[in-house]
Amino acid sequence: MLTIGFDAKRLYQNFTGLGNYSRSLVSDLQRFYPDNSYHLYSPGVKKRPSTLPFLENDHFKNHIYSGVLGSWWRTYGIVKDLKKEKLDLFHGLSHELPEGIERLNLKTVVTMHDMVIRKHPDLFPWMDRQIYEKKFESACKRADHIIAISESTKMDVMEA
């Protein structure tokens, strides 16, 4: 049995690609590996029909940050919460891993969905490009495993 944590921000707050991926992956893992313990970490929840199964199912333990600066908690503060649960694995479902997670004794996985910000930087504000570039690069260097959702994304990550 494994204790697995997920960055569930997109699972609870995004209702297109990243959210759909997150909900499908986590629900399928629970369905096929019901003996594992699943911990969902998010700086907030939007209650919708697609998120209710994760809120109403005892197989998922939710860790919802209710303070201000949820993005700070997700990047830095979450590590303290991860340490409490003695996780075996943490999966950053959308391009990033928390800073300091490498000091914990757990394996890490990050999913990279695309590198559109590198392919079309003119579509993004300068500050967003700086932040995402740092997060992408840092997560890829520190992850034990990287999941690229397509061959194209794999090649983009490898070129970085």
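This section reports on the structure supplied with the text. Bear in mind that the values here come from a model prediction, so they are computed numbers and not experimental data. Numbers given for residues are sequential positions, taken from 1 along each chain in its written order. Selection of residues for local features in this predicted model requires a pLDDT of at least 70, selection of side-chain atom pairs for listing and counting requires 80 or more, and totals for whole chains, interfaces and linings are taken over all residues. Values reported for side chains reflect all heavy atoms of the structure, with hydrogen atoms and water molecules removed beforehand.

What to know about the overall build of the protein
Using the following cut-off: To qualify as a helix, a DSSP run of H or I must reach at least 4 residues; to qualify as a strand, a run of E must reach at least 2; elements of each kind are numbered from the N terminus. Radius of gyration here uses only the C-alpha atoms, and the compact-globule reference equals 2.2 Å multiplied by the residue count raised to the power 0.38. Type-normalised accessible area, obtained with a 1.4 Å probe on protein chains alone, sets the label of each residue: buried when under 20%, exposed when over 50%, and partly exposed for intermediate values. Contact definition: two residues touch when any of their heavy atoms are within 4.5 Å. To be clear on the numbers: accessible area is Shrake-Rupley with a 1.4 Å probe, and residue cover counts the displayed protein chains and nothing else. Positive charges come from Lys and Arg, negative ones from Asp and Glu, while His and the chain ends are left out of the count. Positions of charges follow a simple convention, taking NZ of Lys, CZ of Arg, CG of Asp or CD of Glu.
In terms of regular secondary structure, the protein is built from 7 helices and 6 strands. Each helix and strand of the protein, ordered N terminal to C terminal, gives the series β-α-α-β-α-β-α-β-β-α-α-β-α. The globule rule puts the C-alpha radius of gyration for 160 residues at 15 Å, and the 15 Å found for the protein is close to it. Across its three principal directions, the C-alpha atoms of the protein cover 45 × 35 × 35 Å. Buried residues in the protein amount to 42% of all 160 residues. When contacts within the protein are restricted to residue pairs at least 6 apart in sequence, those whose partners lie at least 24 apart make up 60%. Total accessible area on the protein is roughly 9,200 Å²; 54% of this is exposed by carbon and sulfur atoms. Here the protein contributes 23 positively and 20 negatively charged side chains, and the mean placements of these two sets differ by 5 Å.

Comments concerning the side chain of Asp7
Just so we agree on the cut-off: Whenever two N or O atoms come within 3.5 Å, that pair is a polar contact, provided that in protein one can donate a hydrogen and the other can accept it, and provided that, for residues adjacent in sequence, both atoms are side-chain atoms.
Mapped onto the fold, Asp7 is located in strand β1 (residues 3–7). A distance of 3.2 Å separates the side chain of Asp7 from the backbone nitrogen of Lys9, its partner in a polar contact. Excluding its chain neighbours within four sequence positions, the residues that come into contact with Asp7 are Tyr41, Arg74, Phe90, His91, Gly92, Leu93 and Glu96.

A closer look at the pattern of salt bridges
Going by this rule: Definition used for salt bridges: Asp or Glu carboxyl oxygen within 4 Å of a side-chain nitrogen of Lys or Arg.
Counted by the stated rule, this structure contains 12 salt bridges. Note that Arg74 is salt-bridged to Glu96, the shortest N-O span being 3.1 Å. With a gap of 22 residues between them, Arg74 in helix α4 (residues 70–85) and Glu96 in the loop between β4 (89–92) and β5 (107–112) connect regions that are remote in the sequence. For Arg74, a relative accessible area of 7% puts it in the buried group. The closest approach of N and O atoms between Lys154 and Glu151, which form a salt bridge, is 4.0 Å. On the criterion of helical spacing, the pair formed by Lys154 and Glu151 is a turn pair, its members being 3 residues apart in helix α7 (residues 151–159). Assessed through its relative accessible area of 38%, Lys154 is described here as partly exposed. Overall, the relative accessible area of 52% leaves Glu151 in the exposed class. When salt bridges with common partners are traced through the structure, they connect Asp7, Arg74, Glu96 and Lys135 into a single cluster.

Remarks on the pairing of strand β2 (residues 37–42)
Walk down a regular strand and you will see the side chains alternate between the two sheet faces. Operational definition: In this description, strands pair whenever DSSP reports at least two bridges between them.
Burial of β2 is extensive: 5 of the 6 residues sit out of reach of the surface. As defined by bridge partners, β1 adjoins β2 across 5 bridges and the pair is classed as parallel. Within β2, the position partnered with Asp7 by the bridge is Tyr41. As judged from the 5 bridges shared by β2 and strand β3 (residues 60–64), these two strands associate in the parallel manner. Of the residues in β3, the one forming a bridge with Leu40 is Asn62.

The values are spatial; any link to function lies outside them.
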